[in-house]
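For reference, the chains in residue letters:
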There are 4 protein chains.
Amino acid sequence: MDKHIDLIKVIQNSFPRLSKGQKLIAEFIMHNYDRAAFMTAAVLGDAVGVSESTVVRFANTLGYNGYRELQKELQELVKNKLTTVQRISLSSNFTDYENALKQVLKKDMDNIEKTIHEIDYIAFQKAIEITLKANNVYVLGLRSSSFLAGYLGFYLNFLLNNVKVVTAGPSDVFEQLLKATDKDVVIGISYPRYSNRTLEALDYAKEKGCKIIGITDSLLSPAAQYADVTLIATSNMLSFVDSLVAPMSLINAFIIALGTERKEDTTSYFEDLEKIWKKHNVYSTKNSSINDINNF
Amino acid sequence: MDKHIDLIKVIQNSFPRLSKGQKLIAEFIMHNYDRAAFMTAAVLGDAVGVSESTVVRFANTLGYNGYRELQKELQELVKNKLTTVQRISLSSNFTDYENALKQVLKKDMDNIEKTIHEIDYIAFQKAIEITLKANNVYVLGLRSSSFLAGYLGFYLNFLLNNVKVVTAGPSDVFEQLLKATDKDVVIGISYPRYSNRTLEALDYAKEKGCKIIGITDSLLSPAAQYADVTLIATSNMLSFVDSLVAPMSLINAFIIALGTERKEDTTSYFEDLEKIWKKHNVYSTKNSSINDINNF
Amino acid sequence: MDKHIDLIKVIQNSFPRLSKGQKLIAEFIMHNYDRAAFMTAAVLGDAVGVSESTVVRFANTLGYNGYRELQKELQELVKNKLTTVQRISLSSNFTDYENALKQVLKKDMDNIEKTIHEIDYIAFQKAIEITLKANNVYVLGLRSSSFLAGYLGFYLNFLLNNVKVVTAGPSDVFEQLLKATDKDVVIGISYPRYSNRTLEALDYAKEKGCKIIGITDSLLSPAAQYADVTLIATSNMLSFVDSLVAPMSLINAFIIALGTERKEDTTSYFEDLEKIWKKHNVYSTKNSSINDINNF
Amino acid sequence: MDKHIDLIKVIQNSFPRLSKGQKLIAEFIMHNYDRAAFMTAAVLGDAVGVSESTVVRFANTLGYNGYRELQKELQELVKNKLTTVQRISLSSNFTDYENALKQVLKKDMDNIEKTIHEIDYIAFQKAIEITLKANNVYVLGLRSSSFLAGYLGFYLNFLLNNVKVVTAGPSDVFEQLLKATDKDVVIGISYPRYSNRTLEALDYAKEKGCKIIGITDSLLSPAAQYADVTLIATSNMLSFVDSLVAPMSLINAFIIALGTERKEDTTSYFEDLEKIWKKHNVYSTKNSSINDINNF
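What counts and how
- Residues numbered from 1 in each chain as written.
- Chains lettered and ligands numbered in written order.
- Predicted model: local features only at pLDDT ≥ 70, side-chain atom pairs only at ≥ 80, totals over all residues.
- Helix = DSSP H or I, 4+ residues; strand = E, 2+ residues; numbered from the N terminus.
- Buried ≥ 20, exposed ≤ 12 C-beta atoms within 10 Å, placed from the backbone.
- Contact = placed C-beta atoms within 7 Å.
- Core = buried A, V, L, I, M, F, W, Y, C linked by C-beta atoms within 7 Å.
- Pairing = 2+ DSSP bridges.
- Expected span 1.5 Å × (residues − 1).
- Domains from an automatic or database assignment.
- Axes fitted to C-alpha atoms, helices over the stretch in contact; angles between N-to-C directions.
- Right-handed = clockwise from strand over helix to strand, strands pointing away.
- pLDDT = per-residue confidence, 0-100.
- Parallel < 35°, antiparallel > 145°, perpendicular 65-115°, else oblique.
- Nonpolar A, V, L, I, M, F, W, Y, C, P; charged D, E, K, R; others polar.

Enquirer: Even after reading the chapter, I still don't get the overall build of chain A, so can you show me in this structure?
Expert: Looking only at helices and strands, one finds 14 helices and seven strands in chain A. Considering chain A as a whole, with its 296 residues, one finds that 52% of them fall into the buried category. For chain A, long-range pairs separated by at least 24 residues make up 65% of all intrachain contacts whose partners lie at least 6 apart in sequence.

Here is the structure:
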């Protein structure tokens, strides 16, 4: 595996002596090696805005006999997936906080933008229909995805009956899915590094005949293999953190679309809740001291 | 309060007969009424890219004797905060899923962009320093913010000793902060509609002399009043959902900046974890069936 | 309130010069002041195994003009409930661990024994019938009772569909009960010092027409006021700990009785689970190294 | 394995034609087959109150050539542990709720009594000393034991700094123990059917040099192998439920003994909390309507 890491390092080290066009390719690969690995030279050139021959020359500059050889190396890299330790060592030294912050937030904007471009609207609509028709809605997520599962469950609970968040707890995920049937839907959230237990739980639910909606990072993700409908939101590795910003934004859209379909019910439930929240003083009525700032 | 909701409705109804410049103002106000409420006509014009006099004419068109009167109405609207029921009734009818989805994701991109522009880098750096120096790091968040608190705690646990997520559970938040001292830091995450309990907990921590880092939506937020350092990430109300996408992106940057400071320790911890993860088969090694797609 | 605490202290201080029969009364009151407060002199004498006149003389010895005056003082004590701080100051100094341990465990045995004697079997049977008939079963418990609620929910999930544990979390208890109807049952677990939020949640569920089963320490408990069926299991204050041993034992009986009613389903579910547990290696097959001990 | 289950069934079927003394042996074995398996004929006779020769005749009556053969069968039974399905099939049909309830509660009283007789006071004292000296106290429990771990953590949090409950969640147990050192203690709660993950976590903690206190059901339990100090509290299988009543009672004693050692600190913390609880109205002041019952 070290050899492949070396590939990224080789690119980093060669960076100063690359041409302007080659630098664009280098940057693209360093940030998207998992996608670059499956692009032809022409497609990669297109993505970056350079010619196919620039891509080929780039491969030569790094010492490969053509793009195909470089691509193979990239595919090995993906196949073996980077471990977290390797990802830390790749992360630049963010000594300049301003740039670090900007870079991370920009990357998250890019992820949302990619998600907008790549989302399958038919799948999105189908996911909403399946969810509205289901007897029980199970929302499954483990490890860092458990926070997205909890967030989705938190809001779905206002809209639907019988929403159950399936995550690590005293009962294991199989026990939590024990009573699921083919009238139910499991919304499985799975991001790299894909948790094995999530995949096993999706397998178990599929055997029971549940409909499965996958929220994941690519149609090639192992979670997508179990899904009847797959919603793609781009994630990316930021050092040892897997950014879940774009998936959260997709989940926002999913909740709001469902809420719109259930507008009347939702309104009446929230009217009920507003009374309770007021009675029990759940939310602050304190405000941004308006008087103080009124005069500026 | 209905009167103020009416203001938004009035704007919506007048929309078709507004001039192009006025339409820009109308859209800005509908999506950012809480900020517009505190802008002068000149600032508002600037934000939208129209002249101050266009803003004044806009107010006239809606039936106000000048911008000041419209602004006052907006401030009332903010002061009384929209209840969730009102927010649902304001949400457009997203019958067209494609547009709905795009609109939500775009809005989240805007939130991150605003966050990039408005972030205070000195505060960001100070927040990192305080966190690195603290004996104990408490991460506090309730209701929908509890998922952000959990997410931040999940990653901080890899980097720091003595990280404690403070959220609703068998012990209340005060009990969880019982042993906190002036050597500790509390990172409080608070978004509208601000949970009262979060504010009370910050007040309690402040009394104990804890350093407080606020992650919130504005310097005017009630949480900012307790904070030694405030990190602003824009949120916005999407129907009944409070989008926490920009705060999550900010949290990503915060974690990565901390991880960079602790690079050696972090690397050695993750080396340890990789072995355990492998031994207990935590992560999938299955891959996006590379062979199948190799030939396209 | 200090005056009433003084009563217990007065009893403690007088202890050495009491007669043998009076010592029995003193001990009974110190450990059961909440029950003693509502017993006549005759009933108290009976409970302890002394005559009514011994009880009266006991009151005189402490300086009261008769038992009625002492009783009133006890009732005040109960009415004002001991705070946790007072309970700590009452706890004997357990410097001798052996005695401390024995005393606590004996007390817990006594609690179970009392529970056996005082349980209402008709109520127990009715609770099982209501639970089996319900569409949804909500198990409600906060603070230390949340562990009992979790434990009950853990096992009910094997037996019944639609079991939901209602406890402190991102969603408040009202939100978790939002969809409850008159076809549902809420099993509310409430022990002194009774959590206000539990009582409010029971009130809310009652308004919605839910059937309510109370698991609590006495028919006089505020939780019993909301219950259609009340199951009593004795608790007692051990210094600052509220022992929940007898309630847990009652819950065991409740689960087993339900499981017996659902024997076939349960068996088939567990056959399913055994396979999964085996496949995923959930339980140890390692055994108490039998060979080593075989020869002794 | 069926053969061994048959053993219990054989005993059940032979029951009516056994002598009075043999019936006592039969009952003991059915309820304590795991202990009986390792008793000699003489010790078993002693435990039940019959002669050694009665035990031998009992074995003959069941068709064995002596007690040793019966004992071997029992050991096989233990070695293969009953699965949950088998335990359900063994559970009597509790059609008579009154008896069922009494039987379960009595069994729990017996468990506590056994615990009183078998507890090692020196170990108990040592456990308290280790806990008081530790930098961090980790309380580990999974599956049904997670409720005991939570309960113990809930109270320890009032008494000690740096108490961490280690249980299933977004982070796995290894990650939660990542920073543990040889200055820390792990209190591991492990009951049959022993969770493998708990044993793996104890193994991991031991490697790190942590002190380990085991709370488990026997010195032969796999958890005891990792423990520096083992506290035994009897559990028993009630159909598919593992009664955790005696362990909870032991935990009560452990908490109270620790609280006594930390009396001053504890008192001052609770004085602090009482103010907060009052301010935020955590506990009910409503009382068992005293006036109504005053006159009986």
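The structure having been displayed, the exposition proceeds.
Enquirer: How should the nonpolar core be read in this particular structure?
Expert: Nonpolar side chains tend toward joint burial in soluble globular proteins. Grouped together as the largest cluster of nonpolar side chains are 145 residues, with contacts concentrated most on C:Val139, C:Ile187, D:Val139 and D:Ile187. Contact partners of D:Ile187, with chain neighbours within four places excluded, come to D:Val137, D:Tyr138, D:Val139, D:Leu140, D:Leu152, D:Ile213 and D:Ile215.

Enquirer: Please clarify how the pairing of strand β1 (residues 137-140) of chain A should be interpreted in this entry.
Expert: All names here are of chain A. The alternating pattern of β1 places Val137 and Val139 on one face and Tyr138 and Leu140 on the opposite face, and all of these are buried. When β1 meets strand β2 (residues 163-166), the two strands line up parallel, connected through four bridges. Bridging across to β2, valine 139 finds its partner in valine 165.

Enquirer: Would you explain helix α11 (residues 196-207) of chain D in this entry?
Expert: All names here are of chain D. Between the first and last C-alpha of α11 there are 17 Å, a value that for 12 residues agrees with the 16 Å anticipated at 1.5 Å per step. Among all positions of α11, only Arg197, Thr198, Leu199, Ala201, Leu202, Tyr204 and Ala205 are buried. On its buried face, α11 is in contact with β1 (137-140), β2 (163-166), α10 (173-176), β3 (185-190) and β4 (211-216). A positive phi of about 90° marks glycine 209, the residue just after α11.

Enquirer: Mind showing me how you'd approach the domain arrangement of chain A here?
Expert: How big an interface is tends to be expressed through the accessible area that disappears when the partners come together. As assigned here, chain A comprises domain 1 (2-93) and domain 2 (116-279). Summarising the inter-unit geometry, the C-alpha centres of domain 1 of chain A and domain 2 of chain A are found 34 Å apart.

Enquirer: Even after reading the chapter, I still don't get the sheet that holds β1(D), so can you show me in this structure?
Expert: Strands in a sheet are paired, the pairing made by backbone hydrogen bonds, and the direction either parallel or antiparallel. Residues and elements named next belong to chain D. Across the sheet, five strands lie side by side as β2-β1-β3-β4-β5; this open sheet has parallel pairing. Edge positions in the sheet fall to β2 and β5 (229-232), since each of these pairs with one other strand and no more. Geometrically, the sheet is characterised by an average inter-axis angle of 20° between neighbouring strands, direction not taken into account. In the sheet, β3 pairs with β4 via six bridges, with the strands oriented parallel. Note that in β4 the partner of serine 190 across the bridge is threonine 216.

Enquirer: For this particular structure, what's the right way to read the environment of D:Lys208?
Expert: Residue and element names in this part refer to chain D. The residue lysine 208 is located in the loop between α11 and β4 in this model. For lysine 208, a count of 15 C-beta atoms within 10 Å corresponds to the partly exposed category. C-alpha separation for the pair lysine 208 and serine 268, spaced 60 residues apart in sequence, amounts to 35 Å. Residues within four places of lysine 208 in sequence aside, it is in contact with Ala180, Thr181 and Asp182.

Enquirer: Which parts of the structure should I look at to understand the sheet that holds strand β4 (residues 211-216) of chain C?
Expert: All names here are of chain C. Spatial ordering of the open sheet is given by β2-β1-β3-β4-β5, a layout of five strands whose pairing is parallel. The outermost strands of the open sheet, each flanked by one partner alone, are β2 (163-166) and β5 (229-232). When strand polarity is set aside, the average angle formed by the axes of neighbouring strands in this sheet is 20°. Judged from the four bridges that link them, β4 and β5 form a sheet pairing that is parallel. For glycine 214, the partnering residue across the bridge sits in β5 and is threonine 230. Of the strands in this sheet, β1 (137-140), β2, β3 (185-190) and β4 are in contact with helix α11 (residues 196-207), which crosses β3 at around 160°.

Enquirer: Explain the pairing of β3(C) here, please?
Expert: Two faces belong to every sheet, and in a regular strand the side chains alternate between them. All names here are of chain C. Burial analysis of β3 places six of its six residues in the buried class, which makes it a mostly covered element. Because side chains alternate across β3, one face comprises the buried residues Val185, Ile187 and Ile189, and the other comprises Val186, Gly188 and Ser190, equally buried. Where β1 meets β3, four bridges bridge the pair, whose relative direction is parallel. Counted as the bridge partner of tyrosine 138 is valine 186 from β3. Taken together, β3, α11 and β4 form a β-α-β motif whose crossover is right-handed.

Enquirer: Looking at this structure, I do not really get the confidence of the model for chain A. What am I missing?
Expert: Low pLDDT marks regions whose predicted coordinates should not be analysed in detail. Looking at chain A as a whole, its pLDDT mean stands at 85, while 87% of the residues score no less than 70. When the criterion is pLDDT under 50, residues 287-296 of chain A qualifies, and its contacts beyond four places in sequence or with other chains add up to nine contacts.

Enquirer: Is there a simple way to explain the environment of D:Leu70 in this structure?
Expert: Residue and element names in this part refer to chain D. When you line up the elements, leucine 70 lands in helix α5 (residues 67-79). Remark: the alpha-carbon pair of leucine 70 and leucine 202, spanning 132 residues in sequence, is separated by 35 Å. Ignoring anything within four residues of it in the chain, the contact list for leucine 70 reads Ala59, Leu62 and Tyr64.

Enquirer: Even after reading the chapter, I still don't get the packing of helix α9 (residues 145-159) of chain C against helix α9 (residues 145-159) of chain D, so can you show me in this structure?
Expert: For any two helices packed against each other, one specifies the crossing angle of their axes together with the interaxial distance. Where α9(C) meets α9(D), the axes come as close as 9 Å, and the angle between the chain directions of the two elements is 175°. Classified by the interaxial angle, the pair formed by α9(C) and α9(D) is roughly antiparallel. Contacts between α9(C) and α9(D) involve C:Phe147, C:Gly150 and C:Tyr151 from the former and D:Phe147, D:Gly150 and D:Tyr151 from the latter. Considering only residue class, the contact of α9(C) with α9(D) consists of four nonpolar, two polar and no charged.

Enquirer: How should I be thinking about the packing of helix α7 (residues 97-118) of chain C against helix α7 (residues 97-118) of chain D in this particular structure?
Expert: Relative to each other, α7(C) and α7(D) sit at 170°, their axes nearing to 10 Å. The angle between the axes of α7(C) and α7(D) places the two elements in the roughly antiparallel class. Two secondary-structure elements touch here, α7(C) through C:Lys102, C:Leu105, C:Asp108, C:Met109, C:Ile112, C:Glu113, C:Thr115 and C:Ile116 and α7(D) through D:Lys102, D:Leu105, D:Asp108, D:Met109, D:Ile112, D:Glu113, D:Thr115 and D:Ile116. Split by residue class, the contact of α7(C) with α7(D) holds eight nonpolar, two polar and six charged.

Enquirer: Explanation requested: unusual backbone geometry in the structure shown.
Expert: The general pattern is negative phi for most residues beyond glycine and trans for most peptide bonds. At the junction of B:Pro192 and B:Arg193, the peptide bond is cis and its omega measures out at -10° in the coordinates. Along the polypeptide, B:Arg193 turns up in the loop between β3 (185-190) and α11 (196-207).

Enquirer: Honestly, helix α13 (residues 263-279) of chain D in this entry has me stumped. Any pointers?
Expert: Given 3.6 residues per turn, any residue in an α-helix points the same way as the ones three and four places further on. Between its first and last C-alpha atoms α13(D) spans 24 Å; for 17 residues at 1.5 Å apiece the expected length is 24 Å, and the two agree. Note on α13(D): the residue one or two positions beyond its end, D:Asn281, has a positive phi of about 60°.

Enquirer: Could you clarify how one ought to interpret the environment of D:Phe158 in this entry?
Expert: Residue position: D:Phe158 is located in helix α9. A residue is classified by how many C-beta atoms lie within 10 Å of it, and D:Phe158, with 23 of them, is buried. Between the C-alpha atom of D:Phe158 and that of D:Thr266, which follows or precedes it by 108 residues, the distance is 6.9 Å. If near-sequence neighbours (up to four positions away) are discounted, D:Phe158 is found in contact with C:Phe240, D:Thr266 and D:Tyr269.

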